[in-house]
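# A look at the structure
Residue-level listing of the chains:
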Amino acid sequence: MSFAILATEPLAPQVTRFRVSAPRVARSHRAGQFVIVRVEANGERIPLTVSDADADAGWIELIVQAVGHTTSVMAGLGAGDELPDVVGPLGRPTDVEAYGTVAVVGGGVGTAIAYPAAVALAAEGNDVVAIIGARTKELVILEDEMRQVAGQVIVTTDDGTKGRHGFVTDALADLITERTIDRVIAVGPIPMMRGVAEVTRPQAIPTVVSLNPIMVDGTGMCGGCRVLVGGETRFACVDGPEFDGHQVDFDILDLRNRAYLEFEACHRQEPSDAHA
Amino acid sequence: MPTRKERLAMSRTAMPTRPADERRNDFEEVALGFDAGAVVTEASRCLLCRRPPCVDECPVGVQIVDLIEHVAEGRFAEAAEIVAADNSLPSICGRVCPQERQCEGACVMGRKRDPIAIGAIERFVADYIPPAAPAAETTGHKVAIVGSGPAGLACAGDLARAGHDVTVFEALHELGGVLVYGIPEFRLPKSVVADEIGRLEAQGVAFETDVVIGASDSLDDLLVTHDAVFIGVGAGLPRFLNVPGEHLIGVFSANEFLTRLNLMKAYEPDSETPIIDIGGLPVAVFGGGNTAMDAARSAVRLGAGSVTVFYRRSDEELPARREEIEHAKEEGVVFELLTSPLELRGNDEGKLTSVVLQRMELGEPDESGRRSPVPLEGDTFETDVSLAIVAIGNAPNPLLTNASPDLEVGRRGTLVVDDGGATNKTGVYAGGDIVTGGATVILAMGAGRRAAAAINEYLVGA
Ligand SMILES: Cc1cc2nc3c(=O)[nH]c(=O)nc-3n(C[C@H](O)[C@H](O)[C@H](O)COP(=O)(O)OP(=O)(O)OC[C@H]3O[C@@H](n4cnc5c(N)ncnc54)[C@H](O)[C@@H]3O)c2cc1C
Ligand code: FES
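Cut-offs applied
- Residues numbered from 1 in each chain as written.
- Chains lettered and ligands numbered in written order.
- Predicted model: local features only at pLDDT ≥ 70, side-chain atom pairs only at ≥ 80, totals over all residues.
- Heavy atoms only, no water.
- Helix = DSSP H or I, 4+ residues; strand = E, 2+ residues; numbered from the N terminus.
- Rg over C-alpha atoms; globule rule 2.2 N^0.38 Å.
- Buried < 20%, exposed > 50% of the residue type's maximum accessible area, 1.4 Å probe, protein only.
- Contact = heavy atoms within 4.5 Å.
- Buried area = accessible area lost by both parts, 1.4 Å probe.
- Salt bridge = Lys/Arg side-chain N within 4 Å of Asp/Glu carboxyl O.
- Polar contact = N/O pair within 3.5 Å; in protein donor to acceptor, adjacent residues only side chain to side chain.
- Nonpolar A, V, L, I, M, F, W, Y, C, P; charged D, E, K, R; others polar.
- Pairing = 2+ DSSP bridges.
- Axes fitted to C-alpha atoms, helices over the stretch in contact; angles between N-to-C directions.
- Near = heavy atom within 4 Å.
- Expected span 1.5 Å × (residues − 1).
- Core = buried A, V, L, I, M, F, W, Y, C linked by side-chain atoms within 4.5 Å.
- pLDDT = per-residue confidence, 0-100.
- Phe/Tyr/Trp six-rings, centres within 6.5 Å; stacked < 30°, edge-to-face > 60°.
- Lys NZ or Arg CZ within 6 Å of the ring centre and 35° of its normal.
- Parallel < 35°, antiparallel > 145°, perpendicular 65-115°, else oblique.
- Left-handed = near helix turned anticlockwise from the far one by under 90°.

## Things to note about the overall build of chain B
In terms of helices and strands, chain B carries 20 helices and 15 strands. Here the C-alpha atoms of chain B give a radius of gyration of 23 Å, agreeing with the 23 Å that 2.2 N^0.38 yields for 462 residues. Projected onto its principal axes, the C-alpha positions of chain B cover 65 × 65 × 50 Å. Across the 462 residues in chain B, those meeting the buried criterion constitute 58%.

Following this line, the structure appears as structure tokens:
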């Protein structure tokens, strides 16, 4: 069994959207869940969040940033190529209820992971405010898609080439003084999610973050993805990937994600967190 | 045929093994197996007891005496049929069963001298099992097997032989369960497991990898498309120590360490899965079972400077197979018995640097009859460690049971079943580690076969 790539589309430099035939995953996928993918015969297993799925047509979409070996190999694939393994949907779906106004904050490719949550939250009747951040103009992704589901979209770039000059955290800090925000979902690099959690902590706004520890099996079998949340060990692949941002120990997550930097430096170049 | 006296005078034929100095450097198989001469010699030592205690101790009742008699006469093909009647995975069980606690432990010869090498004989004859063929008549009944460990494989084989249409669903990208992700190549070559799976394919069993039942398709979905389901999902949830520092870089569950090596082949230069470089560095393994031995001996092969097994009871209680303990010692693994980790310590980069241990002594026997370890107050010590592997056991993986709340689950997360493996849900059977908690390959295989018989009866009547 292998999984055919049906189409690819470049979204930004180094960022590609893949449509992949995976009928079983497509049938039961819900926002917030991910798949484990292997790209080559001797390849590692990497987690990739499902950004969209069509149960009837049997496909899922994955948005992948080429940051290292495996994701770079994947970036070189196109329609007609096949992925040897795609398994899922794994992890718990995003909690989706009628909360009121929800800020969906995406940093870099994290926007791709935040997007299905925005869709699901809007469908449940929430007023969604999307904050999309990127280093620079070319890296802003899914802005049009977000506008379809969000009542308000704020774009920020670190270098000021598009939208507001600054970080998503600056935009969020202003937003929560301007209007009532009932819930925040943040997906992106660790410093960004940590920053968001700090912005919302004083007002105790419920804040969900989507964690990206190193994974192997993705089914709860290895414990490599363990994170410390509220002083307890949790497995991100089965208990997460979304957790209460105010309870997550980001220091430990950050340290553990650096475990293989030396291997990557000498064996190849690859940060392990595929969706940072 | 040697006389009884001559038999008693013969000593046990040693299993040929590769020298420790050589095997420490690679992942190839350690025990090489008997040749035809050695196996006949060893079989001819057997006293052929009329009421053989070895058969009573075999969890699946292999007719050991009958088997050995045929081997002693050089009738290997017939011997293979005798084994195959009770054991669907003899080439695997011959390598990994704890024989010293089962057949060989009961061997009459073992009372005064060394027991017959039953495991090695079983392993030899397994090569003579004839190729499998699809069942002559099919029933039209469809059965789904969840999990491709020994329980699932054994169940699948018997059901296919009975003419049912069997599909095995496996979460990982390789088939075999613990046999491929846990037990290392040097103890159980993956080609042996692949051969067993090939035999099942020849019998018409279909396999689908990359399917997590409970995540994509639910148990109820399977019951729509199949007439019965067998759950053999194992006990794959690693336990941690719950001591400070367990999140440091360099602390692994044995499952993760072994999966990176065995399933992902991290020891091969072209594998894309990383493993921390432990060349020349001190490694600690916590635990004393087969998993701990496999982790320790794998660390030796990765070039660790030293490998120490820290176990909280004494040598006698070590749960691992004796052969693995001996092999580990030969390969330079050091045993620090009656010790228990208190804390893992690291540096500014979050990397493990040392472990603090508590010395223990054996106290009163607990409910299980084993003397439980108690701390020796104030007797602690610290030792340098760069990699620590936690091998203190696995609990049932709750993924499938959480997704099927109507299944009856016992106190420890295990599935509750009757003697035939039937769960409380009609048409759903279970066996192996998901029912017993972490146990053995042979018990899982036996449970898979009992469930296959019960499923067959459920589908077509006795
Ligand atoms: C390192 C190690 C060494 C061991 N050494 C020995 C030994 O020397 N001798 C011995 O007798 N025993 C040994 N054991 C124990 C033995 O391996 C197990 O008792 C045995 O494998 C259990 O078989 P099983 O079929 O119940 O489950 P497993 O072998 O655990 O197989 C279960 C399979 O189900 C799959 N699965 C889980 N959930 C799902 C799902 N929801 N959907 C689809 N698939 C799923 C898993 O991926 C796995 O492949 C060892 C165990 C370990 C971990
Ligand atoms: S990735 Fe192995 S337990 Fe989560």
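Next comes the rest of the description.
## Remarks on the interface of chain B and chain A
Reports often express the size of an interface as the amount of accessible area lost when the parts come together. Each partner contributes to the interface: chain B provides 42 residues, whereas chain A provides 44 residues. With both sides pooled, the region where chain B packs onto chain A buries about 3500 Å², and carbon together with sulfur makes up 56% of that total. Broken down residue by residue, the surface that chain B buries against chain A is led by Asp210, His247 and Glu272 of chain B, which jointly contribute 23%. In this assembly, chain B and chain A are joined by three salt bridges. For Asp217 of chain B, the salt bridge is made with Arg24 of chain A, and the minimal N-O distance between the two is 2.9 Å. Here chain B is connected to chain A by 15 residue pairs in polar contact (both at pLDDT 80 or more). Residue assignment for the side of chain B that touches chain A shows that the elements contributing at least two residues are β5 (237-238), β6 (251-253) and α15 (254-263) of chain B. Per-element accounting of the side of chain B that touches chain A gives the leading share, four residues, to α15 of chain B. Looking at the side of chain B that touches chain A residue by residue, the class counts come to 20 nonpolar, eleven polar and eleven charged.

## As for the pairing of strand β11 (residues 352-365) of chain B
Residues and elements named next belong to chain B. As judged from the seven bridges shared by strand β10 (residues 339-346) and β11, these two strands associate in the antiparallel manner. Pairing of Arg345 across the sheet is with Ser354, part of β11. Between the end of β10 and the start of β11, which pair antiparallel, lie five residues, with Gly350 showing a positive phi angle near 80°. Sheet topology note: the β11/strand β12 (residues 371-384) ladder contains nine bridges and is antiparallel.

## Thoughts on the sheet that holds strand β4 (residues 228-231) of chain B
Residue and element names in this part refer to chain B. A sheet is described by the order of its strands in space; here five strands give the open sequence β3-β2-β1-β4-β15, paired in parallel fashion. Strands at the two margins of the open sheet, each flanked by one partner only, are β3 (206-208) and β15 (428-430). Here the average twist between neighbouring strands, direction ignored, is 20°. Examined bridge by bridge, strand β1 (residues 142-146) and strand β2 (residues 165-169) share five bridges and lie parallel to one another. Residue pairing for β2: Lys142 is matched across the bridge by Asp165. Here helix α11 (residues 150-161) sits on the sheet in contact with β1, β2, β3 and β4, set at roughly 165° to β1.

## Regarding the sheet that holds β6 of chain B
Residue and element names in this part refer to chain B. Taken together, five strands build an open sheet; the order of strands is β6-β13-β7-β8-β9 and the sheet is parallel. On the outer flanks of this sheet lie β6 and β9 (334-337), each paired with one strand and no other. Averaged over all pairs of adjacent strands, the angle between strand axes in this sheet comes to 20°, irrespective of strand direction. By the bridge criterion, three bridges tie β6 to strand β13 (residues 387-390) in an arrangement that is parallel. Its bridge partner being in β13, Phe252 is matched across the sheet by Ile389. Sheet strands in contact with α15 are β6 and β13, and its direction is about 85° off that of β6. Contacting β7 (282-286), β8 (306-311), β9 and β13, helix α16 (residues 290-301) crosses the sheet at an angle of about 165° to β8.

## What about the site of ligand 1?
Residues and elements named next belong to chain B. Looking at ligand 1, there are 33 residues lining it, with Val96, Glu170, Arg187, Ile213 and Asp433 nearest. Here a nitrogen atom of ligand 1 and a backbone polar atom of Ala171 are 3.2 Å apart. Contact distances for ligand 1 include 3.3 Å between an oxygen atom and a backbone N or O atom of Thr440. Sorting the residues of the shell around ligand 1 by element identifies α11, α16 and α20 (441-460) as the ones contributing at least two each. Here the shell around ligand 1 gets three residues from one element, more than from any other, and that element is α16. For the shell around ligand 1, a count of residues per class yields 17 nonpolar, eleven polar and five charged.

## Points about unusual backbone geometry
Glycine aside, the phi torsion of most residues is negative, and most peptide linkages are trans. The peptide bond linking Gly88 of chain A to Pro89 of chain A adopts the cis configuration, its omega dihedral lying at 0°. Cis rather than trans, the peptide bond between Gly240 of chain A and Pro241 of chain A has omega equal to 10°. Within the secondary structure layout, Pro241 of chain A lies in the loop between α7 (236-239) and β16 (242-244). Positive phi, normally seen in glycine, also occurs at Asn242 of chain B, with a value near 60°. Residue position: Asn242 of chain B is located in the loop between β5 and β6. Judged by relative accessible area, Asn242 of chain B falls into the exposed class, the value being 66%. Positioned with a positive phi, Leu338 of chain B is a non-glycine residue whose angle comes to about 55°. Structurally, the position occupied by Leu338 of chain B is in the loop between β9 and β10.

## Things to note about α16 of chain B
Residues and elements named next belong to chain B. Its twelve residues give α16 an end-to-end C-alpha distance of 16 Å, which sits within 8% of 16 Å, the value for a rise of 1.5 Å per residue. Among the twelve residues of α16, ten are classified as buried, and the element is accordingly described as predominantly covered. Every buried residue belonging to α16 is among Ala292, Met293, Asp294, Ala295, Ala296, Arg297, Ser298, Ala299, Val300 and Arg301, and all of these are buried. Following α16 by one or two positions, Gly303 adopts a phi angle in the positive range, close to 90°.

## Describing the nonpolar core
Counting residues in each nonpolar core, the largest one holds 78 residues, and the members touching the most others are Ile64, Leu67, Ile68, Val71, Ile92, Ile145 and Ile455 of chain B. Among all residues touching Ile145 of chain B, those that are not within four sequence positions of it are Gly152, Cys155, Ala156, Leu159, Val166, Thr167, Val168, Phe169 and Phe230 of chain B.

## Considerations on the confidence of the model for chain B
Residues with a pLDDT of 70 or more make up 100% of chain B, whose mean pLDDT is 93. We note a pTM of 0.94 for the whole complex and an ipTM of 0.90 for its interfaces.

## Some points on the packing of aromatic side chains
For the structure shown, the criterion picks out nine aromatic pairs over all chains. Considering the side-chain rings of Phe27 of chain B and Phe186 of chain B, the 6.2 Å spacing of their centres and the 50° angle between planes classify their relative orientation as tilted. Remark: Phe186 of chain B occurs in the loop between α12 (178-181) and α13 (190-202) and Phe27 of chain B occurs in the loop between α2 (20-23) and α3 (36-43); sequence separation between them is 159 residues. Residues Phe27 of chain B and Phe186 of chain B agree in their burial class; the two are buried. Here the aromatic rings of Phe76 of chain B and Tyr128 of chain B are separated by 5.2 Å at their centres, their planes lie at 50°, and the arrangement is tilted. Here Tyr128 of chain B lies in the loop between α10 (118-126) and β1 and Phe76 of chain B lies in helix α6 (residues 76-86), a separation of 52 residues in the sequence. What makes Phe76 of chain B buried here is its relative accessible area of 11%. Counting every residue linked through ring pairs, the aromatic cluster contains Phe27, Phe186 and Tyr267 of chain B. Arg19 of chain A extends its terminal NZ or CZ atom over the ring of Trp59 of chain A, reaching a point 3.7 Å from the ring centre. Stacked on the ring of Tyr99 of chain A, the Lys or Arg Arg183 of chain A has its end atom at 4.1 Å from the ring centre.

## Thoughts on the packing of α3 of chain B against helix α5 (residues 64-72) of chain B
Residues and elements named next belong to chain B. The contact between α3 and α5 brings their axes to 8 Å, and the two run at 125°. Regarding the angle of α3 to α5, the classification is oblique. Remark: the crossing between α3 and α5 carries left-handed chirality. Facing α3, whose interface residues are Val39, Val40 and Ala43, α5 presents Ile68, Val71 and Ala72.

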